[in-house]
Amino acid sequence: MSRSAPFPTSAPFPTSGAAAPVAVAARATELSKVYGQGETRVVALDAVSVEFRRAEFTAIMGPSGSGKSTLMHCMAGLDSLSSGSARIGDVELASLNDRELTRLRRGRVGFVFQAFNLLPTLNAIENITLPMDIAGRRPDQAWLDQIVATMGLSARLTHRPSQLSGGQQQRVAVARALASQPEIIFADEPTGNLDSRSGAELLGFLQESVPALRQTVVMVTHDPVAASYADRVIFLADGRIVDELRGPSADAVLDRMKAFDSKGRTN
Ligand SMILES: Nc1ncnc2c1ncn2[C@@H]1O[C@H](COP(=O)(O)OP(=O)(O)OP(=O)(O)O)[C@@H](O)[C@H]1O
Ligand SMILES: [Mg+2]
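Residues numbered from 1 in each chain as written. Chains lettered and ligands numbered in written order. Predicted model: local features only at pLDDT ≥ 70, side-chain atom pairs only at ≥ 80, totals over all residues.

Draft legend 1. Representation of the site of ligand 1 in the model. For ligand 1, the set of nearby residues contains 13 residues, the closest of which are Tyr35, Ala44, Ser64, Ser69 and Thr70. Counting residues per element, the ones that place at least two in the shell around ligand 1 are β2 (42-53) and α1 (68-75). Examining the composition of the shell around ligand 1, we find that three residues originate from one element, α1, more than from any other. Across the shell around ligand 1, the residue classes break down as three nonpolar, nine polar and one charged. (Near = placed C-beta within 6 Å. Helix = DSSP H or I, 4+ residues; strand = E, 2+ residues; numbered from the N terminus. Nonpolar A, V, L, I, M, F, W, Y, C, P; charged D, E, K, R; others polar.)

Draft legend 2. Just unusual backbone geometry, in detail. Even without being glycine, phenylalanine 116 reaches a positive phi, approximately 65°. Of note in the backbone geometry, arginine 214 takes a positive phi value of approximately 55° without being a glycine. As for its position among the elements, arginine 214 is in the loop between α6 (196-213) and β8 (216-220). Given 18 C-beta atoms within 10 Å, arginine 214 falls into the partly exposed group. (Buried ≥ 20, exposed ≤ 12 C-beta atoms within 10 Å, placed from the backbone.)

Draft legend 3. View of the sheet that holds strand β6 (residues 109-112). Pairing in this open sheet of six strands is mixed, and the strands run β6-β7-β8-β3-β9-β10 from one edge to the other. Edge positions in the open sheet fall to β6 and β10 (240-246), since each of these has one partner strand only. Put simply, the sheet's adjacent strands are angled 15° from each other on average, direction ignored. With four bridges connecting them, β6 and strand β7 (residues 184-188) associate as parallel partners. If you follow valine 112 over to β7, its bridge partner there is alanine 187. On the sheet, helix α5 (residues 166-179) packs against β6 and β7 and is oriented at approximately 175° with respect to β6. (Pairing = 2+ DSSP bridges. Axes fitted to C-alpha atoms, helices over the stretch in contact; angles between N-to-C directions. Contact = placed C-beta atoms within 7 Å.)

Draft legend 4. Layout of the confidence of the model for the protein. The share of residues in the protein with pLDDT of 70 or more is 90%, and the mean pLDDT across the chain is 89. The low-confidence segment residues 1-6 (pLDDT under 50) makes 13 contacts with residues lying over four places distant or belonging to another chain. Every residue in residues 9-17 is under pLDDT 50, and counting partners more than four places away or in other chains gives seven contacts. (pLDDT = per-residue confidence, 0-100.)

Draft legend 5. Representation of the nonpolar core within the structure. Core analysis: the biggest nonpolar cluster contains 64 residues, and Ile60, Met75, Val174, Ala175, Ile184 and Phe186 have the highest contact counts within it. Not counting residues up to four positions away in its chain, the partners in contact with phenylalanine 186 are Met72, Met75, Ala76, Val109, Phe111 and Val218. (Core = buried A, V, L, I, M, F, W, Y, C linked by C-beta atoms within 7 Å.)

Draft legend 6. Here's a closer look at the sheet that holds strand β4 (residues 83-88). An order of β2-β1-β4-β5 is seen for the four strands of this open sheet, with the pairing classed as antiparallel. Across the chains shown, the open sheet's two edge strands, defined by having one partner strand only, are β2 and β5 (91-92). As judged from the five bridges shared by strand β1 (residues 24-35) and β4, these two strands associate in the antiparallel manner. Paired with alanine 28 across the two strands is alanine 86, which belongs to β4.

Draft legend 7. Representation of the packing of helix α3 (residues 124-135) against α5. Where α3 meets α5, the closest approach of the two axes is 8 Å, and the angle between their N-to-C directions is 30°. Classified by the angle their axes make, α3 and α5 are roughly parallel. The handedness of the crossing between α3 and α5 comes out as right-handed. Across the interface between the two elements, Ala124, Asn127, Ile128, Thr129, Leu130, Pro131 and Met132 of α3 pack against Val172, Ala175, Arg176 and Ala179 of α5. Among the residues making up the contact of α3 with α5, the classes are represented as eight nonpolar, two polar and one charged. (Parallel < 35°, antiparallel > 145°, perpendicular 65-115°, else oblique. Left-handed = near helix turned anticlockwise from the far one by under 90°.)

Structure, rendered in structure tokens:
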């Protein structure tokens, strides 16, 4: 399948139709994550059950410290669970040894870290292709070109992270996650350092990839406008899912956020 620009006009898979079975790209069941013990014990996730359907764009929102990054890390196999289950497709992450987990992460999951996690000694294009280089996979050049162009990085490919602005580093981190065409992309505040135009371009790109490539996207954001690009929004508070909104508008998201604020935080 060609993924050269623009996205294929006709999707290779049916994108609608009631008869199509709902495929689940990732699923958490009663997932709990506890950090520390005694006085430093923090229940970051408290028996969270949620599914992320194939070719669906989910936004995760909630106050700072509510467990958003922890949920993404546990689902992507980057952190262990305290109890419960996390699956990518049919694969139970806890059943994998370290090597199998690494292979699954490299092959099937794209992750955009809140703190970018770029290697300072590599330039932009080397950072983008690093996961594939490690895995011994050759990138699809047309796809790579499209991502680089969409992220506005063409003139910055030989710059190191220290020579890039925060927003440019963030776009490199997003390009890296997309480059290997993973089944599911977890993006932790991918627009947090972008101006509104770059943010809108990135969000539009993620949104289009969902029907065009049957891409599954899970994105943490604090921004109601960013969340409105998603098919649904789940709201976390104190390590629990407290609400869900489908077909969100920015105003509807804002209203829900205000409702939580007015109820007051429990800590
Ligand atoms: N490695 C860790 N050790 C101990 N506690 C941790 C660790 N990582 C996260 N926590 C705690 O778990 C809770 C959830 O953290 P998490 O990073 O998931 O929040 P978040 O919703 O992503 O917040 P933010 O919006 O600020 O990024 C917080 O109380 C945090 O202090
Ligand atoms: Mg976070």
